Amino acid sequence: MWLRSFIVASLLQVGIAGVAHAAGPFGSVNVGNWIGGAFSNDETGAFSHCAATAPYLNGVILVVGYNSVGTWSLAFASPSYRFKQGENAAIDVIFDGQEQARLFATANQPNMLTAVMPTNVVRTFQKANLMVATSGRTVLNFDLASAGTVITALSNCVTRVKADGLSKAGDFVKSAAKPAATAEKQPSPPAGSKVARAKTGTGFVVSANGHVVTNHHVIDGCVGDIKGNLTGEASMVLRVVSSDASNDLALLQAPSTTFKDFARIRDRSIRSGDSVIVIGFPFHGLLSSDFTVTTGIASSLSGMRNDTRFLQISAPVQPGNSGGPLFDTTGQIVGVVTAKIPALRIAAATGNIPENINFAIKTGALRDFLDNSVVPYQTAEPKGELKTTDIAGNARPYTMLISRNATEQAEAKR
């Protein structure tokens, strides 16, 4: 009984602005473990929002809401939570091990964090089977079975209640209208066709002639121009000089620009346990427009299945870091960031979620690639450690945001 009472309380409280007094549910949303309906503001009697909840074995209750002004929300509730009113938290969510987003949540109630869900996140949530949510050291898994139907039902709930009123609320799952979250989508392209999507990565200048190193997968399938942006400067169109898919490296070049500052490649091998610094542009457009800096160590001198072309590093990386520079503590390049371990696949195989396992291409493969491309890069001896802030400052004039439109094979309609 206590769980049902808590679920009802969570449904009442999920309004974006923190509805203090709400009544309901009116009508019903009942799909799998999800329950909910429409709710009114007790102070005015006006329709407030539609919401549905699902309890999980990890002790957390997910609450999805859609209010009368068209804003989606996702809340994490638990009787064990003890938040201060107005406390904020960043929650990173990963859907099916691929699509990622960062949500910024607020505690409008002591036992619940509520975040606005952007439309693109709602679309992904609607199609996903599994969501992994991370906040600090807490990592939680959520099976999203029936989530697509719930999103559709909540959208239908808002549409019908606004049109007919709370008194005519019924079963919002039946004859549900197409959700507002997907209303602006264009008709799905036929299976096998290609669509262009905006993609971003990171690159770094390695010569005074404006040669830029990045990953092959950053530019693969490019449609139109590839653009590079140094922080605070206008974008420039980059041309592709060469590309190596097997080693995931690509070489671009800026147009007739002389660079006074460019990266130097360390000419001595890095050792396991040495400190490393990653600089790049993860989640561009969602996080800071400036580059971000993370630190860690070289955990191993080989990658997956003992692949000696790669380093394993503990410095956190995210989508958008691909192609970025990996530095030692003297500010020399010791690798090119390329990938993070497929956490959900490993979790499915082992029952454990891996942490801080990422990979970079070693300088041996990078130098061979640059030599074959006849690039006048420079090497340097590691001399004297620098502060991380100084390494980041030195990297600013030659670390680029790489952006382009890339084709992806359109999926058949699910």
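Rules of the game
Residues numbered from 1 in each chain as written. Predicted model: local features only at pLDDT ≥ 70, side-chain atom pairs only at ≥ 80, totals over all residues. Heavy atoms only, no water. Phe/Tyr/Trp six-rings, centres within 6.5 Å; stacked < 30°, edge-to-face > 60°. Helix = DSSP H or I, 4+ residues; strand = E, 2+ residues; numbered from the N terminus. Buried < 20%, exposed > 50% of the residue type's maximum accessible area, 1.4 Å probe, protein only. 1 Å grid on protein atoms, 1.4 Å probe; cavity = no way out; pocket = protein on both sides within 12 Å on 5 of 7 lines; lining within 4 Å. Points joined across faces, edges and corners; volume = space filled by probe spheres on them. Nonpolar A, V, L, I, M, F, W, Y, C, P; charged D, E, K, R; others polar. Salt bridge = Lys/Arg side-chain N within 4 Å of Asp/Glu carboxyl O. Disulfide = S-S within 2.5 Å. Axes fitted to C-alpha atoms, helices over the stretch in contact; angles between N-to-C directions. Parallel < 35°, antiparallel > 145°, perpendicular 65-115°, else oblique. Contact = heavy atoms within 4.5 Å. Core = buried A, V, L, I, M, F, W, Y, C linked by side-chain atoms within 4.5 Å. Pairing = 2+ DSSP bridges. Arc of directions from axis to C-beta.

A.B. asks: Give a detailed account of the packing of aromatic side chains, specifying residues and quantitative values.
C.D. replies: Overall, the coordinates contain 6 aromatic pairs when judged by the stated rule. Taking the centre distance of 6.2 Å and the plane angle of 70° together, the rings of F281 and F291 count as edge-to-face. Here F291 lies in the loop between β17 (275-280) and β18 (292-300) and F281 lies in the loop between β17 and β18, a separation of 10 residues in the sequence. Accessibility classification places F281 together with F291 in one group, the buried group. Aromatic ring contacts, followed pair by pair, group Y56, F76 and F142 into a single cluster.

A.B. asks: Describe in detail unusual backbone geometry, supporting the description with residues and values.
C.D. replies: One non-glycine residue with positive phi stands out, namely S146, at about 75°. With respect to the helices and strands, the residue S146 is situated in the loop between β10 (138-143) and α3 (147-164). Under the relative-accessibility criterion, S146 is labelled partly exposed at 31%. Positive phi outside glycine occurs at N306, with the angle close to 60°. You can see N306 is positioned in the loop between β18 and β19 (310-313).

A.B. asks: Tell me about the layout of surface pockets, and please be specific about residues and values.
C.D. replies: The volume enclosed by the second largest pocket comes to roughly 210 Å³. As for the second largest pocket, its lining consists of 13 residues, and the residues nearest its centre are Y81, I91, L113, S135 and T138. Counting only elements with at least two residues in the lining of the second largest pocket, the list comes to β6 (88-95), β9 (130-135) and β10. When grouped by side-chain class, the residues that make up the lining of the second largest pocket number 8 nonpolar, 4 polar and 1 charged.

A.B. asks: How would you sum up the pattern of salt bridges? Please name residues and give values.
C.D. replies: Evaluation of the coordinates by the stated rule reveals 6 salt bridges. Note that R266 and D328 form a salt bridge whose closest N and O atoms lie 2.8 Å from each other. You can see R266 sitting in strand β16 (residues 265-266) and its partner D328 sitting in the loop between β20 (325-327) and β21 (333-340), a full 62 residues away along the chain. Summarising the burial analysis for this pair, R266 and D328 share the class buried. Of the charged contacts in the structure, one is a salt bridge between R271 and D274, with a shortest N-O distance of 3.3 Å. When its relative accessible area of 57% is taken as the criterion, R271 is described as exposed.

A.B. asks: Explain the state of the cysteines residue by residue, including any values.
C.D. replies: Two cysteines form a disulfide when their sulfur atoms are joined by a covalent bond. For the structure shown, the criterion picks out 1 disulfide. Paired by a disulfide, C50 and C157 hold their sulfur atoms 1.9 Å apart. What sets the handedness of the C50 and C157 disulfide is the S-S torsion sign, and at about -75° it is left-handed. Taken together, the residues C50 in strand β3 (residues 47-55) and C157 in helix α3 connect sequence positions 107 residues apart. For the residue pair C50 and C157, the accessibility class agrees, reading buried in each case.

A.B. asks: Report on the packing of helix α2 (residues 119-127) against α3, specifying residues and quantitative values.
C.D. replies: Two numbers describe how α2 lies on α3: the axes approach to 6 Å, and their chain directions differ by 130°. Taken as axis vectors, α2 and α3 run oblique relative to one another. For the pair formed by α2 and α3, the contact residues are V122, F125 and Q126 on the first element and A147, G148, I151 and T152 on the second. For the contact of α2 with α3, the class distribution of residues is 4 nonpolar, 3 polar and no charged.

A.B. asks: How would you explain the nonpolar core if you had to name every residue and give the values?
C.D. replies: By size, the foremost hydrophobic cluster in this structure holds 47 residues, and its most contacted members are F125, M131, F142 and L144. Looking at this core, the element that brings in the most residues is α3, giving 8 residues. Each residue touching F142, except ones within four places of it in the same chain, is listed here: Y56, N58, V60, L62, F76, N129, L130, M131 and A133.

A.B. asks: How would you explain the pairing of β18 if you had to name every residue and give the values?
C.D. replies: Looking at chain direction, β17 and β18 are connected through 6 bridges and run antiparallel. Counterpart to I277 in the pairing with β18 is T295. In this sheet, β19 lies alongside β18 in antiparallel orientation, the contact comprising 2 bridges. Note on β19: the bridge partner recorded for S300 is Q312.

A.B. asks: Quick one: what's the story with the environment of K168, residue by residue and with numbers?
C.D. replies: By secondary structure assignment, the location of K168 is in the loop between α3 and α4 (180-183). Residue K168 is classed as exposed on the basis of its relative accessible area of 60%. Sequence separation between K168 and F26 is 142 residues, and the spatial gap between their C-alpha atoms is 8.6 Å.

A.B. asks: Give me helix α7 (residues 363-372): which residues, what numbers.
C.D. replies: Residues lying three or four places apart along an α-helix face the same way, a consequence of the helix completing one turn every 3.6 residues. Looking at α7, one finds that the buried residues are T363, A365, L366, F369 and L370. What you see down the axis of α7 is that its buried residues fit within an arc of 160°, all on one side. Along its buried surface, α7 packs onto β12 (211-214), β14 (236-244), β15 (249-253), β16, β21 and β22 (358-362).

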